[in-house]
Amino acid sequence: MTSTLEPSDTRKPSRQRGSMRIAATAVLVTLTLFAGVVHGYLDGRWSVNADLRAVGSKLDDLPEQVGDWRLVETTELDEGAAELLRCYGSTVRIYENAKTGAAVNVALLFGPRGPIAVHTPEICYSSVGTNQTGERKAEQITAAGLMDSLWSVQFAVKPDPNPSLDVWYGWSDGGAWEARPQPRFWLTENLYKIQVAGPAGDETSRPVEEFLRVFLPMTHPQMGSS
């Protein structure tokens with residue numbers, strides 16, 4: 001004996017499928033909106049603070065004489081880089097050691113976390129005729145009772161395979177400098193970044209490290225909570 005479905009029973013599976021499609025679409029839209037908000041937050045797009053430029057301007061107050069190192073040149077951040085990084089404040093300087101003649105190039109930046117976090121020397125220097133000669137490593141600098149951590153990485157100028165350039169860099173939210181693997185996911189709206197490049201040196205002398213030991217303590221009073 002066969003049975004027949006009532007018209008109302010025939011429509012029921014169709015209504016269920018329609019409801020499921022609507023629910024799935026709603027979930028997709030919600031996830032898309034959530035992803036957009038998260039990306040905007042990580043990129044610093046939703047951050048608004050009227051005092052950000054005032055905070056960033058404090059970087060201009062860094063001393064011109066630091067131990068045996070003296071300021072010999074101050075330049076503006078490249079216009080293209082400034083637009084890309086959306087900095088609220090920055091300073092680019094060259095310091096020279098009066099005793100050894102070694103010179104280091106210093107860049108300090110303050111801006112929204114997204115752009116400040118993603119541009120690293122490994123990316124930038126690879127496009128200007130240099131080769132990275134090894135993996136980056138975290139280095140600790142302890143001075144004046146403060147403990148900071150920065151990444152260090154070395155580069156060779158083509159075609160010479162030997163490292164000639166030593167670059168140290170890291171980020172801060174206003175506290176200690178940190179060698180973070182994923183600073184883009186730091187739970188703060190804005191970040192400071194420091195990058196110092198100089199001669200690679202040797203086992204007895206590392207100019208960049210020697211400079212940072214006297215310079216890093218000077219940076220902390222110029223960084224406000226961001």
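Residues numbered from 1 in each chain as written. Predicted model: local features only at pLDDT ≥ 70, side-chain atom pairs only at ≥ 80, totals over all residues. Heavy atoms only, no water.

Of regular secondary structure, the protein chain possesses 6 helices and 9 strands. When contacts within the protein chain are restricted to residue pairs at least 6 apart in sequence, those whose partners lie at least 24 apart make up 65%. When the accessible surface of the protein chain is split by element, carbon and sulfur atoms take 56% of a total near 12900 Å². (Helix = DSSP H or I, 4+ residues; strand = E, 2+ residues; numbered from the N terminus. Contact = heavy atoms within 4.5 Å. Areas by Shrake-Rupley, 256 points an atom, 1.4 Å probe, with all protein chains shown as cover.)

Our next topic: the packing of aromatic side chains. Counting across every chain of the model gives 7 aromatic pairs. Taking 4.8 Å as the distance between ring centres and 20 degrees as the angle between the ring planes, the aromatic pair formed by Phe211 and Phe215 counts as stacked. Of the two residues, Phe211 and Phe215 are both situated in helix 6 (residues 207-219); the distance of 4 residues between them amounts to about one turn of the helix. A residue is classified by how much of its surface remains accessible, and Phe215, at 0% relative accessible area, is buried. Ring-pair connections join several aromatic residues into one group, and the members of that group are Trp69, Tyr95, Phe211 and Phe215. Here the basic side chain of Arg136 rests over the ring of Trp151, its NZ or CZ set 3.8 Å away from the ring centre. Of note, Arg180 hangs over the ring of Trp186, and the distance from its end group to the ring centre comes to 3.8 Å. (Phe/Tyr/Trp six-rings, centres within 6.5 Å; stacked < 30°, edge-to-face > 60°. Buried < 20%, exposed > 50% of the residue type's maximum accessible area, 1.4 Å probe, protein only. Lys NZ or Arg CZ within 6 Å of the ring centre and 35° of its normal.)

Turning our attention to the side chain of Ser149. Checked against the element boundaries, Ser149 lands in strand 7 (residues 146-157). Non-local contacts of Ser149, meaning those with residues more than four positions away in its chain, are made with Ala138, Glu139, Gln140, Trp177, Glu178 and Ala179.

Turning our eyes to something else, we now look at the layout of surface pockets. Here the largest pocket is characterised by a volume of approximately 420 Å³. Every residue lining the largest pocket is counted, 19 residues in all, and those nearest its centre are Leu77, Ala107, Leu109, Cys124 and Gln195. When residues of the lining of the largest pocket are traced back to their parent elements, those giving at least two are helix 3 (79-85), strand 4 (103-112), helix 4 (113-118) and strand 9 (190-199). Of the residues in the lining of the largest pocket, the class split is 12 nonpolar, 4 polar and 3 charged. (1 Å grid on protein atoms, 1.4 Å probe; cavity = no way out; pocket = protein on both sides within 12 Å on 5 of 7 lines; lining within 4 Å. Points joined across faces, edges and corners; volume = space filled by probe spheres on them. Nonpolar A, V, L, I, M, F, W, Y, C, P; charged D, E, K, R; others polar.)

For helix 6, spanning 13 residues, the distance from its first C-alpha to its last is 18 Å, which sits close to the expected 18 Å at 1.5 Å a residue. Of all the bends in helix 6, the largest measures some 40 degrees and sits at Arg213, one to four residues before the proline Pro217. Within helix 6 the residues assigned to the buried category are Pro207, Val208, Glu209, Phe211, Leu212, Phe215, Leu216, Pro217 and Thr219. (Expected span 1.5 Å × (residues − 1). Bend = angle between axes of the 7 residues up to and from the residue.)

Across 3 bridges, the pairing between strand 5 (residues 130-132) and strand 7 is antiparallel. Opposite Gln132, over in strand 7, you have Phe155 as the bridge partner. Bridging between strand 6 (residues 137-143) and strand 7 involves 7 bridges; their strand directions are antiparallel. Residue pairing in the sheet places Ala138 in a bridge with Trp151 of strand 7. Turn length for the strand 6-strand 7 hairpin, with the two strands adjacent in sequence and antiparallel, is 2 residues, and the turn residue Ala144 shows positive phi of about 55 degrees. Of the strand pairs in this sheet, strand 7 and strand 8 (residues 165-172) are connected by 5 bridges, and their pairing is antiparallel. Bridge pairing in strand 8 places Trp151 opposite Tyr169. (Pairing = 2+ DSSP bridges.)

Glancing now at the nonpolar core. Ranked by internal contacts, the top residues of the largest apolar core, which has 27 residues, are Tyr95, Ile194, Phe211, Leu212 and Phe215. Of all the secondary-structure elements, those providing two or more residues to this core are helix 2 (52-57), strand 2 (69-75), strand 4, strand 9 and helix 6. Those residues in contact with Tyr95, other than ones at most four positions away along the chain, are Pro63, Glu64, Val66, Trp69, Arg70, Leu71, Ala102, Ala103, Val104, Val106, Phe211 and Phe215. Counting residues in each nonpolar core, the second largest holds 20 residues, with Leu165, Trp171, Ala179 and Ala197 among its members. (Core = buried A, V, L, I, M, F, W, Y, C linked by side-chain atoms within 4.5 Å.)

Mapped onto the elements, Gln195 comes out in strand 9. Sequence-distant contacts of Gln195, defined by excluding residues within four places in its chain, comprise Asn105, Val106, Ala107, Pro121, Tyr125, Val167, Trp168 and Tyr169.

A few words on the pattern of salt bridges. One pass over the structure, following the stated rule, counts 8 salt bridges. A salt bridge links Lys137 to Glu139; its shortest N-O distance comes to 3.9 Å. Accessibility expressed as a relative area gives 47% for Lys137, which makes it partly exposed. (Salt bridge = Lys/Arg side-chain N within 4 Å of Asp/Glu carboxyl O.)

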